[in-house]
Amino acid sequence: MAELFVVNGICGGTVFFLPDVPTVLGRSAECHVQIADPWISSMHAMFERRADSLWVVDLDSRNGTFVNNARVRESAIKPGVRLRFGKTVVEVRDGESASGEQPDVLTQAGTIVRYLSDLQSEVIQSKDSEPLRDTDPGLRRTPTRAGAVARRQVAVLNDIGKALVDAPGLDDCLAKILHTVAAAVRAERSSLLLMDESGRMVARASEPQGSPPRISETVVTAAAQSRAGLLTLDAQQDLRFSGSQSVIAQGIRSCLCVPIWADNRILGMMVLDRGFVDPFTADDLELVTVVGYQAALAIERARFLERAQSMEEQRRKLLRHFSPDVANMILSQEQLDKDPLDASMREDVTVLFSDVQGFTGLTERLPPLELASLLRDYFRAMTEAIFEERGTLDKFIGDGLMAVFGAPVAQADGAERAVRCALRMQRRVEEFNTRLPADRRLAIRIGVNTGRVVAGNFGSPDRVEFTVLGDTVNVAARLESMAEPGAVLVGPGTFERTRNAFAFRALGPRPVRGRSQNVDVWQVSGPLP
């Protein structure tokens, strides 16, 4: 059975098993391999066997299926190949052991085995009669003890549930799960392992806390390859561990190694051991295997919560510059084939500059705190006007501001939105002035221009901000500087795109600083009836 190891993203470190029947990968809960990546389509790709080869087939996904960075419609794949779906990278692996046989740890009487597939089918079918595939039949549960075993499992799961209520993050979640199960089976030392991006099992929690974990790679590898929980009764006397220095040197006598699993995927491993005489029991193995399933669900829930918190933090940052609608479109990214904030050439973007006339005089007349309060109220009114037209607040420039329409999300009517916004800003200033004394009233001038820009995130590795660059931006700034207070001036690009929606007065060609040729300028009179 082939495996998919997820290298990055919210499911990073998860191993999905691919059965020998057609298997669909996607974002939908109906998919056998479900990956919650917004760049992945609901039904993105399918894996199927053709003769002796494994193939991946793209299901007309929006963002494509890639094999070693080459986009494909379908392709044969082998172990070691890297695939990309959306922004999620997975590696194809051979799920069998090197010899094609079961790991030797499973084959003799000193080991009890609890296969995950057996437990899963029992849960689904609710059949109490199916026997465990334990190597030692004498250690299986009898029906008369089933009630006591079930009550023990419920009690431990209840304790874990209560402990996770106030777990603030993933690490606390892991620590509480391990502490509860280790206490329940009286483990001397225990560790909870999760896979890192390289596929290596890494200890994320240990009991006692702060103590170095005692982990046998031999046992962990056997449990992962066999997809089963393992109970080793006496590792010190077991000749199969004679070559495992970690088992012998660390005094491990009885060991439980159980996958953290859910349905068709493994997220990590729980390893518990005892160095004293009494070994773990089959009931302990059953308990930890059940906890392994609950742990996987808790871990995935914690990861989803952390991702949701991260997205909310990103949304709060985006709302400083973008309207709520635009911010949500950037965050969802489901209808876009690339990151909308990556720097790129945009052909039809409208840039608006505004500036307060005579602001220097206000700074001389008003105390600093009163001036700051006045500016805060003024900028709030201007920002609302920009966001009402789904514009992007690029930056504040002293008493001025710069806004963008048509980037990062394209707008077919971006120029009209910008002119409407400019007129709305002038009206808001008039309303704002009715509440101010005569010596504090404001007058603004606005310049608008449309054309080609480079739009995207720019800055240093420590700080980046979204902005637009180019001649279109420079002309918009020059138009603002030549406007009279209360006026809105536009350049040729904006005029051509909005002449059927607004009335204009032609001002003729005007020299623009930094350009060798004059620019035709129009003043907006108002919307057409």
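Please read these numbers as outputs of a predicted model, since none were measured by experiment. (Residues numbered from 1 in each chain as written. Predicted model: local features only at pLDDT ≥ 70, side-chain atom pairs only at ≥ 80, totals over all residues. Heavy atoms only, no water.)

Caption draft 1: Looking closely at the overall build of the protein chain. Counting its regular elements, the protein chain contains twelve helices and 25 strands. In the protein chain, which comprises 529 residues, the share counted as buried stands at 50%. Taking the contacts inside the protein chain whose residues are at least 6 apart along the sequence as the reference set, 59% of them involve residues at least 24 apart. For the protein chain, the computed accessible surface area is about 25100 Å², with 50% contributed by carbon and sulfur atoms. (Helix = DSSP H or I, 4+ residues; strand = E, 2+ residues; numbered from the N terminus. Buried < 20%, exposed > 50% of the residue type's maximum accessible area, 1.4 Å probe, protein only. Contact = heavy atoms within 4.5 Å. Areas by Shrake-Rupley, 256 points an atom, 1.4 Å probe, with all protein chains shown as cover.)

Caption draft 2: Local environment of the packing of helix α9 (residues 368-388) against helix α10 (residues 414-433). At a minimum axis separation of 9 Å, α9 and α10 run at an interaxial angle of 150°. For the pair α9 and α10, the crossing hand works out as right-handed. Judged by residue contacts, L374, D377, Y378, A381, M382, E384, A385, I386 and E388 of α9 engage C421, R424, M425, R428, V429 and F432 from α10. Within the contact of α9 with α10, the residues separate by chemical class into ten nonpolar, no polar and five charged. (Axes fitted to C-alpha atoms, helices over the stretch in contact; angles between N-to-C directions. Left-handed = near helix turned anticlockwise from the far one by under 90°. Nonpolar A, V, L, I, M, F, W, Y, C, P; charged D, E, K, R; others polar.)

Caption draft 3: Focus on the nonpolar core. One finds L352, Y378 and M425 to be the most contacted residues of the largest nonpolar core, which totals 39 residues. No other element matches α9, which puts ten residues into this core. Discounting chain neighbours no more than four positions away, the residues touching Y378 are S354, V356, D399, V429, F432, L442 and I444. The next biggest cluster of nonpolar side chains, apart from the first, holds 35 residues, and it includes L164, A182, A205 and A298. (Core = buried A, V, L, I, M, F, W, Y, C linked by side-chain atoms within 4.5 Å.)

Caption draft 4: A look at the environment of G414. Structurally, G414 can be placed in helix α10. Assessed through its relative accessible area of 4%, G414 is described here as buried. As a C-alpha pair, G414 and V404 span ten residues in sequence and 8.7 Å in three-dimensional space.

Caption draft 5: Up close: helix α11 (residues 471-482). The end-to-end C-alpha separation of α11 is 17 Å, in line with the 16 Å expected for twelve residues at 1.5 Å each. Along α11, the positions that sit buried rather than exposed are T472, V473, V475, A476, A477, L479 and E480. (Expected span 1.5 Å × (residues − 1).)

Caption draft 6: Seen up close, the pairing of strand β2 (residues 15-18). Here β2 shows a buried face lined by V15 and F17 and a second buried face lined by F16 and L18. The pairing of strand β1 (residues 2-6) with β2 spans four bridges and is antiparallel. Note that in β2 the partner of A2 across the bridge is L18. Sheet topology note: the β2/strand β17 (residues 265-274) ladder contains two bridges and is antiparallel. Bridged to V15 within β17 is I266. (Pairing = 2+ DSSP bridges.)

Caption draft 7: Summary view of the environment of P527. Examined against the element boundaries, P527 turns out to sit in strand β25 (residues 519-527). For P527, a relative accessible area of 57% translates into the label exposed. On a C-alpha basis, the gap between P527 and V419 in space is 9.2 Å, while along the polypeptide they are 108 residues apart. Beyond its immediate chain neighbours, meaning those up to four positions away, P527 contacts L423, A501, F502 and A503.

Caption draft 8: Representation of helix α3 (residues 170-185). An ideal rise of 1.5 Å per residue puts 22 Å on 16 residues; α3 measures up with 23 Å between its terminal C-alpha atoms. Every buried residue of α3 is listed here: L170, C173, L174, I177, L178, T180, V181, A182 and V185. The first or second residue beyond α3 is R186, which carries a positive phi of 55°.

Caption draft 9: Expanded view of the confidence of the model for the protein chain. The predicted model of the protein chain has a mean per-residue pLDDT of 82, with 82% of residues at 70 or higher. Under a pLDDT of 50 for its full length, residues 97-102 has, in the predicted model, three contacts with residues more than four places off or in other chains. Below a pLDDT of 50 lies the segment residues 135-139, which in the model reaches ten contacts outside its immediate sequence neighbourhood of four places, other chains included. (pLDDT = per-residue confidence, 0-100.)

Caption draft 10: Here's a closer look at the pattern of salt bridges. Throughout the structure, instances matching the rule amount to 24 salt bridges. With a shortest N-O distance of 3.1 Å, R380 and D377 are connected by a salt bridge. Of this pair, R380 and D377 are both found in helix α9, three residues apart, which corresponds to roughly one turn of the helix. A relative accessible area of 44% places R380 in the partly exposed class. A salt bridge links R515 to D471; the shortest N-O distance between them is 3.1 Å. (Salt bridge = Lys/Arg side-chain N within 4 Å of Asp/Glu carboxyl O.)

Caption draft 11: Just the packing of aromatic side chains, in detail. Tallied over the full model, the rule gives six aromatic pairs. Between F47 and F85, the ring centres sit 6.2 Å apart and the planes meet at 75°, which makes this aromatic pair edge-to-face. Of this pair, F47 sits in strand β5 (residues 45-50) while F85 sits in strand β10 (residues 82-85), and the two are 38 residues apart along the sequence. We note that F47, like F85, is buried. (Phe/Tyr/Trp six-rings, centres within 6.5 Å; stacked < 30°, edge-to-face > 60°.)

Caption draft 12: Seen up close, the state of the cysteines. Throughout the structure, instances matching the rule amount to zero disulfides. Just so you know, C257 is unpaired, no disulfide at all, and the nearest cysteine sulfur is the one on C255, 5.9 Å from it. (Disulfide = S-S within 2.5 Å.)

Caption draft 13: Summary view of the side chain of Q153. Inspection of the secondary structure puts Q153 in helix α2 (residues 143-164). Q153 gets classed as buried once you look at its relative accessible area, which sits at 15%. Excluding residues that lie within four positions of it along the chain, Q153 makes contacts with E286, L287 and V290.

Caption draft 14: Broad picture of the environment of A187. With respect to the element layout, A187 can be found in the loop between α3 and β13 (189-195). In sequence terms A187 and D273 are 86 residues apart; their C-alpha atoms lie 5.6 Å from each other. Here A187 is in contact with A182, L272, D273, R274 and F280, once residues within four sequence places are set aside.

Caption draft 15: The arrangement of the sheet that holds strand β9 (residues 74-77) in detail. Spatially, the five strands line up as an open sheet ordered β4-β3-β5-β6-β9, and their pairing is mixed. The sheet terminates laterally at β4 (33-34) and β9, the two strands that pair on one side only. For β5 and strand β6 (residues 53-58), the ladder comprises six bridges, and the chain directions are antiparallel. Bridge pairing links R50 to S53 in β6.

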